[in-house]
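Listed below are the residues making up each chain.
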Amino acid sequence: MRKSTFNYIKDILADYPETDEHIRKREEELRYPYRESDINRDIKGTKASYDAQDNLMITIEQDKRLAGLERNKRVVQNAMEDVDKDTATIIRELYMKRRPQYTMQGLVLNELIHCSCRTAYRLRDQFFKDIAMDLNLNI
């Protein structure tokens, strides 16, 4: 797997616990856009509309950033439901925690997962490959 693809998926997994919060904030930005006060509002003019922001407002369904966040959340959620207990533990402990307490070898030595270190790496790589396939990324 390409290193850039691996790091991209790693970033998605790190952001996964806060994805709901990111989605909520983005929807709020779209519903209530920031509008600067017009310092020339008292000047009479040609009655042209200065509310270009209202005319160009992106709807929630059309927003690419929001769609990407929801797609990433859905893909990770489906992948986590389809894996065995050891793989789920590896992903949660190493990639979803803000401050991971263990390394891959630490998970094996403390018997949090019941497989060898080599098998653990194989499980992790297969999980990342499945996510890359679901997101249509280059492997």
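In what follows, the structure referred to is the one given above.
All of the points below concern the structure found in this document. On a predicted model such as this, the values are computed, not experimentally measured, just so you know.

**Some thoughts on helix H4 (residues 64-82)**
(1) Moving on: Between its first and last C-alpha, H4 extends 27 Å over 19 residues, near the 27 Å set by a 1.5 Å rise per residue.
(2) Moving on: Buried residues belonging to H4 abut helix H1 (3-15), helix H2 (19-31), helix H5 (85-96) and helix H7 (117-134).
(3) Moving on: Capping of H4 at its N-terminal end is provided by Asp63; its side-chain oxygen lies 3.0 Å from the backbone amide nitrogen of Leu66.

**Some words on the nonpolar core**
(1) Moving on: Among the nonpolar cores identified, the biggest contains 24 residues, and Leu13, Ile91, Phe127, Phe128 and Ile131 are the most heavily contacted of them.
(2) Moving on: Every element with two or more residues in this core is listed here: H1, H4, H5, helix H6 (104-109) and H7.
(3) Moving on: Take this core: its biggest share by element is six residues, from H5.
(4) Moving on: With residues near it in sequence (within four places) discarded, Phe128 still touches Met1, Phe6, Ile9, Lys10, Leu13, Ile91 and Tyr95.

**Things to note about H5**
(1) Moving on: Judged by how many residues are buried, H5 sits mostly within the fold: 10 of 12 residues are covered.
(2) Moving on: All of the buried residues along H5 are Asp86, Thr87, Ala88, Thr89, Ile90, Ile91, Glu93, Leu94, Tyr95 and Met96.
(3) Moving on: Turning to H5, the residues buried within the fold contact H1, H4, H6 and H7.

**Some words on the environment of Met1**
(1) Moving on: Within the secondary structure, Met1 sits in the segment before H1.
(2) Moving on: Assessed through its relative accessible area of 43%, Met1 is described here as partly exposed.
(3) Moving on: Residues in contact with Met1, not counting those within four places in the same chain, are Phe6, Phe128, Lys129, Ala132 and Ile139.

Reading guide: rules and limits
Residues numbered from 1 in each chain as written. Predicted model: local features only at pLDDT ≥ 70, side-chain atom pairs only at ≥ 80, totals over all residues. Heavy atoms only, no water. Helix = DSSP H or I, 4+ residues; strand = E, 2+ residues; numbered from the N terminus. Expected span 1.5 Å × (residues − 1). Contact = heavy atoms within 4.5 Å. Polar contact = N/O pair within 3.5 Å; in protein donor to acceptor, adjacent residues only side chain to side chain. Core = buried A, V, L, I, M, F, W, Y, C linked by side-chain atoms within 4.5 Å. Buried < 20%, exposed > 50% of the residue type's maximum accessible area, 1.4 Å probe, protein only.

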